[in-house]
Number of protein chains: 2
Amino acid sequence: MAKILTSKNGTKKEVIIQKAAQLFKSKSYTAASMRELAEALGVEAPSLYNHIGSKSELLQTICFKVGNRFTEQIGIIRGGSATVIAQIEEIIRFHIQMMLENFDEVYVANHEWKHLSEPLLNDFLNIRRNYEKSLAELIETGIEKNELKKTNPYVAVLTILSAVRGIEFWHRNKKNISPQMLEDDMVNHLLNGIAQ
Amino acid sequence: MAKILTSKNGTKKEVIIQKAAQLFKSKSYTAASMRELAEALGVEAPSLYNHIGSKSELLQTICFKVGNRFTEQIGIIRGGSATVIAQIEEIIRFHIQMMLENFDEVYVANHEWKHLSEPLLNDFLNIRRNYEKSLAELIETGIEKNELKKTNPYVAVLTILSAVRGIEFWHRNKKNISPQMLEDDMVNHLLNGIAQ
DNA sequence: CCTACCGATCGGTAGG
DNA sequence: CCTACCGATCGGTAGG
């Protein structure tokens, strides 16, 4: 009877994935049921399986889409000729923008990846490890070039990635902070600190 | 038949809570079953209910124990007479130590609180909001006293709390980073930045 | 796209 | 502390 709306939202499968990301984010992957997802889309649960293979396939699609997008972007940035500091700033800004523009999917990739099943779980962790390694190399280069203070690259990676990930706690319009100000303040904090 | 071991681990209830934190951390609250918890403790599932009221009670106990501990500590630190910078440093170090010493419970409080049911969910969020507010006030004081750069206090709180929370991704012995070095590097990064 | 339905698993209780 | 068991809900399939 009811049909999944697709107007300017891509294929039906894409619409399902988008709604799934929203649901997995607000209820967590395990607690979200396929019946709830179906209801949110206006159909009965079994109808979903005409478009998707399984619940876990939805999670996989979301996690790898996000992981691959970040990997692609750090390659583009590091392939450029900007200074190390400028590249780090670009990376931080990209993280913040991704978090603001693809909130549901980034949130799910950050929080629900542990419910991936092998061998995909291992693949996902490898994507993440390689990303962190690439960022650590960039920081090492910055230290060698004397653009950055001498510090442990892995702790710096941890600090930066954790900070930008925290944007998920930021609520729009709260305290009158614009996205631009959030970006500028956080970049400045991570690069220059807050001590006077 | 089997009995829950309590030797130097506190009461049986405390042993159950500790194992629950471990299980909720590795499998998530929803995916972890009471049967698994019972098995990890060497008893049958119904036996658990002689010591605890329900699964959700376990989550509540963990979340509020952690939340109250942090609230207590920031009160102690802010009640002292150290400079603002020294107090912020103390707070950062306390977060890192809590994450290292009470990993399972801190992790669960950070990740699984959303499965609390009302009105406890609201109580927990209030505890967290008040904590963030207290830290923001401290930062505002630091700016007024010219100890800190002029920056948005809420963004600074977000950056600091997110960074320390990220310690959960840090694996012991990895890359030969000692806890002391981790603490020092992260405090230095957040206070002074990494740019040369 | 639906109705009807399956086997598995869940949190928790009764009763001893 | 156990065995036995309950009603509810889950992901997914059959068949049209």
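Structure: above.
Summary of the structure given here. (Residues numbered from 1 in each chain as written. Chains lettered and ligands numbered in written order. Predicted model: local features only at pLDDT ≥ 70, side-chain atom pairs only at ≥ 80, totals over all residues. Heavy atoms only, no water.)

As a structural note, the neighbourhood of DNA strand C is formed by 19 residues, with Ala 2, Ser 47 and Asn 50 of chain A together with Arg 35 and Tyr 49 of chain B the closest of them. Those atoms of DNA strand C that come within 4 Å of the protein belong to sugar or phosphate at a rate of 58%. Here Ile 4 of chain A contributes a backbone N or O atom positioned 3.1 Å from a phosphate oxygen of DNA strand C. Between DNA strand C and Asn 50 of chain A, the relevant distance is 3.0 Å, taken from a base nitrogen to a side-chain nitrogen or oxygen of the residue. Along the lines of polarity and charge, the residues of the surface near DNA strand C split into 9 nonpolar, 5 polar and 5 charged. (Near = heavy atom within 4 Å. Polar contact = N/O pair within 3.5 Å; in protein donor to acceptor, adjacent residues only side chain to side chain. Nonpolar A, V, L, I, M, F, W, Y, C, P; charged D, E, K, R; others polar.)

Take the protein's contact with DNA strand D next. Not every one of the 19 residues close to DNA strand D is listed here, only the nearest: Arg 35 and Tyr 49 of chain A together with Ala 2, Ser 47 and Asn 50 of chain B. Taken together, the sugar and phosphate atoms account for 60% of what DNA strand D places within 4 Å of the protein. Contact between DNA strand D and Lys 55 of chain A: a phosphate oxygen at 2.8 Å from a main-chain N or O atom of the residue. A distance of 3.0 Å separates a base nitrogen of DNA strand D from a polar atom in the side chain of Asn 50 of chain B.

This brings us to the packing of aromatic side chains. Residues and elements named next belong to chain A. Scanning all chains against the criterion turns up 12 aromatic pairs over all chains. Centre to centre, the rings of Phe 70 and Tyr 131 are 6.1 Å apart; their planes meet at 75°, and the pair counts as edge-to-face. Highlighted residues: Phe 70 in helix α3 (residues 55–79) and Tyr 131 in helix α6 (residues 120–144), separated in sequence by 61 residues. Classification of Tyr 131 by relative accessible area gives buried; the value is 9%. (Phe/Tyr/Trp six-rings, centres within 6.5 Å; stacked < 30°, edge-to-face > 60°. Helix = DSSP H or I, 4+ residues; strand = E, 2+ residues; numbered from the N terminus. Buried < 20%, exposed > 50% of the residue type's maximum accessible area, 1.4 Å probe, protein only.)

Let's shift gears to the interface of chain B and chain A. The partner chain A presents 45 residues to the 45 residues of chain B that form the contact. Carbon and sulfur atoms supply 61% of the area that chain B and chain A bury against each other, a total of about 4200 Å² over both sides. When the buried surface of chain B facing chain A is broken down by residue, Lys 149, Ile 194 and Gln 196 of chain B rank first, second and third, together holding 16% of it. Linking chain B with chain A are 28 residue pairs in polar contact (both at pLDDT 80 or more), by the criterion used here. Where the side of chain B that touches chain A is concerned, the elements lending two or more residues are α1 (12–27), α5 (103–111), α7 (153–165) and α8 (179–192) of chain B. The greatest single-element share of the side of chain B that touches chain A, amounting to 9 residues, is contributed by α7 of chain B. (Contact = heavy atoms within 4.5 Å. Buried area = accessible area lost by both parts, 1.4 Å probe.)

Residues and elements named next belong to chain B. Between α1 and helix α2 (residues 34–41), whose axes approach to 10 Å, the crossing angle comes to 125°. When the axis of α1 is compared with that of α2, the two are oblique. In this structure, the crossing between α1 and α2 has a hand that is right-handed. Contact residues: Val 15, Ile 16, Lys 19, Ala 20, Leu 23 and Lys 27 in α1; Glu 36, Leu 37, Ala 40 and Leu 41 in α2. (Axes fitted to C-alpha atoms, helices over the stretch in contact; angles between N-to-C directions. Parallel < 35°, antiparallel > 145°, perpendicular 65-115°, else oblique. Left-handed = near helix turned anticlockwise from the far one by under 90°.)

With that settled, consider the relation of the copies chain B and chain A. Applying a rotation about an axis and a shift along it to one chain copy brings it onto the other copy. Note on the copies: chain B fits chain A at an RMSD of 0.0 Å, the axial shift is 0.0 Å, and the rotation between them is 180°. Taken together, the rotation angle and the small translation identify this as a two-fold axis. Taking the C-alpha atom as reference, chain B places Gly 193 of chain B closest to the rotation axis, 1.9 Å from it. A share of 100% of interface residues in chain B that are also interface residues in chain A marks the association as one of identical surfaces. (Least-squares fit on C-alpha atoms with pLDDT ≥ 70 in both.)

A separate point is the packing of helix α3 (residues 55–79) of chain B against helix α6 (residues 120–144) of chain B. All names here are of chain B. Relative orientation of the contacting elements α3 and α6 amounts to 20°, with a least axis distance of 10 Å. In terms of axis orientation, α3 runs roughly parallel to α6. The way α3 lies across α6 gives a crossing that is left-handed. Residue-level contacts link Gln 60, Cys 63, Phe 64, Gly 67, Asn 68, Phe 70, Thr 71, Ile 74 and Arg 78 of α3 to Leu 120, Asp 123, Phe 124, Ile 127, Tyr 131, Ser 134, Leu 135, Glu 137 and Leu 138 of α6.

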